[in-house]
Amino acid sequence: MPDLGGTWHLIGWEIEAEGRVTHPFGEAPTGMICYTSDGFMSACIARADRPRWSTGNPRKAPDAERLAAFESYFHYAGTWRIEERDGIPHVVHAVTHSLNPDFPGTEQVRRIDLSGDRLTLSAQEGPRHHRLRWRR
């Protein structure tokens, strides 16, 4: 089984659909995913160019700024395990906490491609294929 333990830094996130590739958080997003030895994980991804609050306080920021912050950041955490599916290793994230209120209680399944200090996690979502590339 692949060794995912430790911290990984995001290199890129792309979504391919109908022959077209997009980058939901731009060409150079930032992010980390951490896998602990006792079975917990946490992942966060953000646009690199997120603007600061004009007010210095999110509770006093205009609605448009708060919406932009939500749309440019992604996070979830929970537990993890590795399973083989059709002979291919997958990591299953059992989500307990998330910025997206619909994620807790779900399992996010990602195919694992590991080579040295490079990790690609991928998933099919309808016609869209997500690829997130990480380095240790």
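Residues numbered from 1 in each chain as written. Predicted model: local features only at pLDDT ≥ 70, side-chain atom pairs only at ≥ 80, totals over all residues. Heavy atoms only, no water.

(A) Highlighting the pattern of salt bridges. Applying the stated rule across the entire model yields 10 salt bridges. For the salt bridge of aspartate 63 with arginine 66, the shortest nitrogen-to-oxygen distance reads 3.1 Å. Placement of both aspartate 63 and arginine 66 in helix 1 (residues 63–71) is noted, with a separation of 3 residues, approximately one turn of the helix. Assessed through its relative accessible area of 57%, aspartate 63 is described here as exposed. A single salt-bridge network, built from bridges that share partners, covers Arg81, Glu83, Arg85 and Glu107. (Salt bridge = Lys/Arg side-chain N within 4 Å of Asp/Glu carboxyl O. Helix = DSSP H or I, 4+ residues; strand = E, 2+ residues; numbered from the N terminus. Buried < 20%, exposed > 50% of the residue type's maximum accessible area, 1.4 Å probe, protein only.)

(B) Broad picture of the environment of tryptophan 53. By the element assignment, tryptophan 53 lies in the loop between strand 4 (40–46) and helix 1. Looking at tryptophan 53, the relative accessible area reads 31%, which means it is partly exposed. For tryptophan 53, the residues in contact, after removing those within four places along its chain, are Pro58, Ala61, Glu65, Arg66 and Ala69. (Contact = heavy atoms within 4.5 Å.)

(C) Inspection of the nonpolar core at higher detail. In terms of nonpolar packing, the biggest core is built from 21 residues, with Ile33, Tyr35, Leu121 and Trp134 touching the most fellow members. Broken down by secondary-structure element, the contributors of at least two residues to this core are strand 1 (6–17), strand 3 (30–35), strand 4, strand 5 (73–85), strand 6 (88–98), strand 8 (118–125) and strand 9 (128–135). Here this core gets 4 residues from one element, more than from any other, and that element is strand 1. (Core = buried A, V, L, I, M, F, W, Y, C linked by side-chain atoms within 4.5 Å.)

(D) Geometry of unusual backbone geometry. Phi is positive for glutamate 18, close to 50°, though the residue is something other than glycine. Mapped onto the secondary structure, glutamate 18 falls in the loop between strand 1 and strand 2 (20–22). Its identity is not glycine, yet aspartate 86 carries a phi of approximately 55°, on the positive side. By secondary structure assignment, the location of aspartate 86 is in the loop between strand 5 and strand 6. For aspartate 86, a relative accessible area of 82% puts it in the exposed group.

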